[in-house]
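The lines below spell out each chain.
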Amino acid sequence: MLANTIKAESINDKQFEYMNLIAEIMEIRKRGDKPLAFVRTYGCQQNVADSEKIKGMLSHSGFDFTDTPEDADFILFNTCAVREHAEDRVFGNVGALKNLKRKHPQILIALCGCMMEQEHVANRIYNSFPFVSLVFGTHSLHHFPELYYSALVDGRRVFERGNDDKKLYEGYPVRRDGSFKGWLPIMYGCNNFCTYCIVPYVRGRERSREKDLILSEARQMIQSGYKDITLLGQNVNSYGKTLETPLSFAQLISEIDSIEGDYWLRFMTSHPKDCSKELIDTIASGRHISKHLHLPFQSGSDRILKAMNRHYDRKKYLETVAYAKERIEDVSLTSDIIVGFPGETYEDFKQTLSLIRKVEFTSLFTFIFSPRKGTPAEKYDDPISAEEKGKWFRELLDVQEEIAAKRCSSMVGKSERVLIEGVKEKTGELNARTSGNIIVELDGDESLIGTFQNATITKARNWILKGELKTEE
Ligand code: SAH
Ligand code: SF4
Ligand code: F3S
């Protein structure tokens, strides 16, 4: 066995016994006809996928779900630590539960997820929010039923942060939020330690799920009607390194792609340092793989990329993009950018602007640097004021708006296959998405939600397209 091999363990039978015990207790303690849970998820799709496991376990424990915290017997926030703003929102929203707990003391309030893996956060919750009864981090998900049971029966506060960040668990019941759009985690954790990022500290080391388990989950999803499946990992390009028989991400996605059915396959996130030609070729020749690549570059300046510990430079990034554009017709590129990393000058920032002009991304996720406790960049000298960073940030948004508008205008008159996702509340129009992940709004019947349709693009408004349904599909 290779030194870095990580073998999955199954969540043990004991956890299922706890779920049954919780069901018995809640049958007595519930406030309404059925025990109800309110689960709110902050942060990225990894958290959404974790919440789907938690909801699976709660379902097994007899729970139904509500969108109204007032009606719930159990309230859980699954939290994100990636930026200060994300944490502040959680603290604010937890504070707001104080009155609810006073009014209905039998409600059990719990917090989990990335924030809770940080000792200083868990301590603050312990000291400042006495009405929070259960706290557990990402490494404790596999025994959530046991922890919840203790909080229910012992009447004491249960706080647990995992200490083994190399374990991988399988066998969770999963309750997916959507019926045609779904997340499929293929790996957990991250080994990259970008100097600004908290994720490796709160999610542990990189570990990949077995190929056969992923394939059978994908098959199940396709058979039950999922049309848009996103493979998830912090850095999907390094998939397979902890398996007994290592396998590349390109090999994995190409095996999934060979499953018959009418569906789109997406993935996120791809780290530019290991985005291989093999992967780009696989996307190009795939039958179901979306012509979309989310490839966060963070900064266009080599000096800053080095300080970020990203392990690629501007030249390598642009070469990868050029290859993707050459091989994948009409490829849609999206990215993440950090503005105002410590030590970044306006000259560095201009390099970021020039890169986005060169690549012409479909859309961008843009963030102002937020110092994270315990990361190297927290201690870096950061002389640029928040006000100045704000100015740069707005300049970036203006440039991107121009690019997105141009890109979208070039699609007018074209025909696109779209997946109808829902209805826009304000206008009653249908919301759809192209394979390149661009939103299209069109008139049509609600019964089309969850189906693929062909549309002609009629208008472009910034990064949103207007379209008309064609009738033949
Ligand atoms: N694994 C993914 C990113 C996960 S975090 C990747 O490597 O691309 C999502 C995005 O949040 C990052 O791409 C980055 O742009 C942003 N981000 C992470 N830490 C941040 C911080 N401390 N301040 C501002 N933005 C941050
Ligand atoms: Fe964070 Fe970098 Fe890992 Fe992405 S690759 S999760 S940015 S450390
Ligand atoms: Fe946030 Fe954790 Fe995702 S910190 S971005 S929820 S991995």
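Preceding this paragraph is the structure being described.
Quick caveat, the model's predicted, so the values are computed rather than measured. (Residues numbered from 1 in each chain as written. Chains lettered and ligands numbered in written order. Predicted model: local features only at pLDDT ≥ 70, side-chain atom pairs only at ≥ 80, totals over all residues. Heavy atoms only, no water.)

**Q** Could you clarify how one ought to interpret the site of ligand 1 in this entry?
**A** As a structural note, the neighbourhood of ligand 1 is formed by 15 residues, with Arg83, Gln234, Gln298, Asp336 and Ser370 the closest of them. Contact between ligand 1 and Gln298: an oxygen atom at 2.7 Å from a side-chain N or O atom of the residue. Taking Ser370, its main chain carries an N or O atom lying 2.8 Å from a nitrogen atom of ligand 1. Look at ligand 1: alone it shows 540 Å² of surface, and the protein chains cover 90% of it. (Near = heavy atom within 4 Å. Polar contact = N/O pair within 3.5 Å; in protein donor to acceptor, adjacent residues only side chain to side chain. Areas by Shrake-Rupley, 256 points an atom, 1.4 Å probe, with all protein chains shown as cover.)

**Q** Explain the sheet that holds strand β13 (residues 264-268) here, please?
**A** Paired through their backbone hydrogen bonds, the strands of a sheet run either parallel or antiparallel. With parallel pairing, the three strands of this open sheet are ordered in space as β9-β12-β13. Only two strands of the sheet have a single neighbouring strand rather than two, namely β9 (181-185) and β13. Across the sheet, the mean angle separating the axes of adjacent strands is 25° when strand polarity is ignored. With five bridges connecting them, strand β12 (residues 228-232) and β13 associate as parallel partners. In the strand pairing of β13, Leu231 is matched with Phe267. Along the sheet, helix α2 (residues 45-60) makes contact with β9, β12 and β13, crossing β9 at roughly 95°. With respect to the sheet, helix α8 (residues 211-223) is in contact with β9 and β12, its orientation differing from that of β9 by roughly 170°. (Pairing = 2+ DSSP bridges. Helix = DSSP H or I, 4+ residues; strand = E, 2+ residues; numbered from the N terminus. Axes fitted to C-alpha atoms, helices over the stretch in contact; angles between N-to-C directions. Contact = heavy atoms within 4.5 Å.)

**Q** How should I be thinking about the environment of Tyr317 in this particular structure?
**A** By secondary structure assignment, the location of Tyr317 is in helix α12 (residues 314-327). By relative accessible area, Tyr317 is classed as buried at 1%. Among residues more than four places away in sequence, those in contact with Tyr317 are Pro272, Leu295, Pro296, Phe297, Tyr312, Ser335, Leu355, Val359 and Phe361. (Buried < 20%, exposed > 50% of the residue type's maximum accessible area, 1.4 Å probe, protein only.)

**Q** Help me understand the pattern of salt bridges, please; the structure alone is not making it clear to me.
**A** A side chain with one charge can pair with a side chain of the opposite charge if their charged atoms come near. Applying the stated criterion across every chain yields a total of 34 salt bridges. Glu170 is paired through a salt bridge with Arg209; the nearest N and O atoms lie 2.9 Å apart. In this pair, Glu170 is assigned in strand β8 (residues 169-170) and Arg209 in the loop between β11 (207-208) and α8, connecting sequence segments 39 residues apart. A relative accessible area of 11% places Glu170 in the buried class. (Salt bridge = Lys/Arg side-chain N within 4 Å of Asp/Glu carboxyl O.)

**Q** So what exactly am I meant to see when it comes to the site of ligand 2 here?
**A** In the region of ligand 2, the neighbouring residues are Cys190, Asn192, Phe193, Cys194, Tyr196, Cys197, Val199, Pro200, Gln234, His271 and Arg310. Of the residues contributing to the shell around ligand 2, the split by class is seven nonpolar, three polar and one charged. (Nonpolar A, V, L, I, M, F, W, Y, C, P; charged D, E, K, R; others polar.)

**Q** Sorry, what's going on with helix α6 (residues 144-154) here?
**A** One turn of an α-helix holds 3.6 residues; hence residues three or four places apart share an orientation. Buried within α6 are the following residues: Phe144, Pro145, Leu147, Tyr148, Ser150, Ala151 and Leu152. Summarising the contacts, the buried residues of α6 are in contact with α1 (13-29), α2, β4 (74-79), β5 (108-113), β6 (134-136) and β7 (158-160). Positive phi shows up at Gly155, right after α6, with a value of about 70°.

**Q** What exactly am I supposed to notice about the packing of aromatic side chains here?
**A** Each aromatic ring pair is summarised here by two numbers: the centre-to-centre distance and the angle between the ring planes. Enumeration according to the criterion identifies 24 aromatic pairs in this entry. Each ring, one from Phe193 and one from Tyr201, has its centre 5.3 Å from the other, and the planes form 80°; the classification is edge-to-face. One aromatic cluster is present, built from ring pairs that chain together Phe63, Phe74, Phe136, Phe144 and Tyr148. Note that Arg124 overlies the ring of Phe91, its terminal NZ or CZ placed 3.6 Å from the centroid. The residue whose ring lies beneath Arg157 is Tyr126, and the NZ or CZ to ring-centre distance is 4.4 Å. (Phe/Tyr/Trp six-rings, centres within 6.5 Å; stacked < 30°, edge-to-face > 60°. Lys NZ or Arg CZ within 6 Å of the ring centre and 35° of its normal.)

**Q** Where do I start with the sheet that holds β5 in this structure?
**A** Pairing in this open sheet of six strands is parallel, and the strands run β3-β2-β4-β5-β6-β7 from one edge to the other. Looking at the sheet topology across the chains shown, the edges are occupied by β3 (64-65) and β7. Where β6 lies against β7, three bridges are found, and the strand directions are parallel. The residue bridging Leu134 from the neighbouring strand is Val158, located in β7. Running at roughly 155° to β6, α6 makes contact with β4, β5, β6 and β7 of the sheet.

**Q** Whenever I open this one, the nonpolar core confuses me. Can you help?
**A** Side chains that are nonpolar tend, in soluble globular proteins, to be buried together. With 56 residues, the main nonpolar core has Leu231, Phe249 and Phe267 as its most contacted residues. Apart from the residues lying within four places of it in its own chain, the contact partners of Leu231 are Leu184, Ile186, Val236, Phe249, Ile253, Ile256, Leu265, Arg266, Phe267 and Met268. (Core = buried A, V, L, I, M, F, W, Y, C linked by side-chain atoms within 4.5 Å.)

**Q** When you look at the pairing of strand β19 (residues 439-442) in this model, what are you seeing that I'm missing?
**A** Every other side chain in a regular strand lies on the same face of the sheet, so the side chains alternate between the two faces. Note: strand β18 (residues 430-434) against β19, four bridges, orientation antiparallel. Residue Arg433 lies in a different strand from β19, and its bridge partner there is Ile439. Hairpin connection, β18 to β19: the antiparallel pair is bridged by four residues, and Asn437 has positive phi, about 75°. Bridge count between β19 and strand β21 (residues 464-469): four bridges; the pairing is parallel. Its bridge partner lying in β21, Leu442 is registered against Gly467.

**Q** Just checking my understanding: could you explain α12 for this structure?
**A** Here α12 is 14 residues long and its end C-alpha atoms lie 20 Å apart, about the 20 Å a rise of 1.5 Å per residue gives. Inspection of α12 places Arg314, Tyr317, Leu318, Thr320, Val321, Tyr323 and Ala324 among the buried residues, and these make up the whole buried set. Buried positions along α12 lie against α10 (277-285), β14 (292-294), α11 (302-307), β15 (332-339) and α13 (346-359). (Expected span 1.5 Å × (residues − 1).)

**Q** Would you explain the environment of Ser270 in this entry?
**A** The residue Ser270 is located in the loop between β13 and α10 in this model. Expressed as a C-alpha distance, the spacing of Ser270 and Leu295, which sit 25 residues apart in the sequence, is 5.4 Å. For Ser270, the contacting residues outside a window of four places in its chain are Val236, Asn237, Leu279, Leu293, His294, Leu295 and Pro296. Polar contacts involving the side chain of Ser270 include one to the side chain of Asn237, which spans 3.2 Å.

**Q** Is there a simple way to think about the packing of α8 against helix α9 (residues 249-257) in this case?
**A** A packed helix pair is summarised by two numbers, namely the angle formed by the two axes and the spacing between the axes. Put simply, α8 and α9 touch, their axes get as near as 10 Å, and they point 35° apart. Pair α8 / α9 crosses with right-handed handedness. Packed against α8, whose contacting residues are Lys211, Ile214, Leu215 and Ala218, the element α9 presents Leu252, Glu255 and Ile256 at the interface. In terms of residue class, the contact of α8 with α9 is built from five nonpolar, no polar and two charged. (Left-handed = near helix turned anticlockwise from the far one by under 90°.)

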